[in-house]
Amino acid sequence: MVAVMTARAGMAELQSNRVAIAVDELFANIAAHAYNGKQGRVEFETCIGNSGDGGQELIFNFRDYASAAWNGKIEEVTTAGTEVHDPLSPGGLGLRLICSVADRCEHEVYADGNHWRLIFKINDKDQLKDGK
Amino acid sequence: MDTSLKFERIDEDDKHVLLRVYGDVTIHTSPRLREHLKPLLNGGVREIRVALEHVDFMDSSGIATLVEGLQWARQTGGRFVLSGLSENVRDVFELAKLDTVFEIEGGSA
């Protein structure tokens, strides 16, 4: 599904792989941390929408029903940037990858779970050249 | 996405081993990579080369598994070398800022 959407968005292979990495990592984090490796329900939807600045963006929404909240980890990663303090301690690497490739990572805690949104700008020809 | 992972192990001599990986290294398949890497890390070899030219996709679990090889090299003075990284796999190492931490041979495949 990710490959279909990145193709529709006209993304180059490298950017498409980055989107796939971010989606893969977010699913893995929900499974490992929200559901603690146990079976759980995740609703996933994706669309291409207007970004409000004249461009378009590729959006992935994830809804889980896990009782465990994320404890603000993704915000910590987002605000801390993507520096690797100790390369031999790979903890948090998945979240760092998500935040380094997505233009925006949003997270809301609900009473019965979490809502995650990954947003990737499209129609930005300079995106890859800028290292995003 | 390929969910299987295959390996080819070539013992060049009793101290130098090449491990060639085939398939996507993800949270589902990285335990298999660890299974094949662990005996090498504990087996008294001096150099481990992991050939990744047949890996098109790798996520953080794959990188974390390879970090164990890096830790082994630093602790034992051995060499842990990655080679044949595709453009996509090399990009993930760069995004993780680990491309300069690992010993990586050759350009993009």
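Report follows, based on the coordinates. Note that this is a predicted model, so its numbers are computed, not measured. (Residues numbered from 1 in each chain as written. Chains lettered and ligands numbered in written order. Predicted model: local features only at pLDDT ≥ 70, side-chain atom pairs only at ≥ 80, totals over all residues. Heavy atoms only, no water.)

1. Considerations on the sheet that holds strand β2 (residues 56-64) of chain A
All names here are of chain A. Spatial strand order, β1-β2-β4-β3: 4 strands in an open sheet with antiparallel pairing. Looking along the sheet, the strands with just one partner apiece sit at the ends: β1 (42-50) and β3 (104-110). Ignoring which end each strand starts from, the neighbouring axes of this sheet average 15° apart. Two strands pair when backbone bridges link them, and β2 and strand β4 (residues 113-122) are joined in this way by 9 bridges, in the antiparallel orientation. Paired with D64 across the two strands is N114, which belongs to β4. This element, helix α2 (residues 13-34), spans β1, β2 and β4 of the sheet and lies at about 15° to β2. (Pairing = 2+ DSSP bridges. Helix = DSSP H or I, 4+ residues; strand = E, 2+ residues; numbered from the N terminus. Axes fitted to C-alpha atoms, helices over the stretch in contact; angles between N-to-C directions. Contact = heavy atoms within 4.5 Å.)

2. Structural notes on the sheet that holds strand β1 (residues 5-11) of chain B
Residue and element names in this part refer to chain B. A sheet is described by the order of its strands in space; here 5 strands give the open sequence β1-β2-β3-β4-β5, paired in mixed fashion. Edge positions in the open sheet fall to β1 and β5 (103-105), since each of these has one partner strand only. Neighbouring strand axes in the sheet, compared pairwise and without regard to direction, differ in orientation by 25° on average. Relative to β5, strand β4 (residues 79-83) runs parallel, the two being bridged by 3 bridges. The residue of β5 that forms the bridge with V81 is E103.

3. Overview of the packing of helix α1 (residues 30-41) of chain B against helix α2 (residues 60-76) of chain B
Residue and element names in this part refer to chain B. Interhelical geometry of α1 versus α2 gives an angle of 5° and a closest axis separation of 9 Å. Here α1 is positioned roughly parallel relative to α2, judged by the angle of their axes. Judged by residue contacts, S30, L33, R34, L37, K38 and L41 of α1 engage S61, G62, T65, L66, E68, G69 and W72 from α2. Residue classes in the contact of α1 with α2 are distributed as 5 nonpolar, 5 polar and 3 charged. (Parallel < 35°, antiparallel > 145°, perpendicular 65-115°, else oblique. Nonpolar A, V, L, I, M, F, W, Y, C, P; charged D, E, K, R; others polar.)

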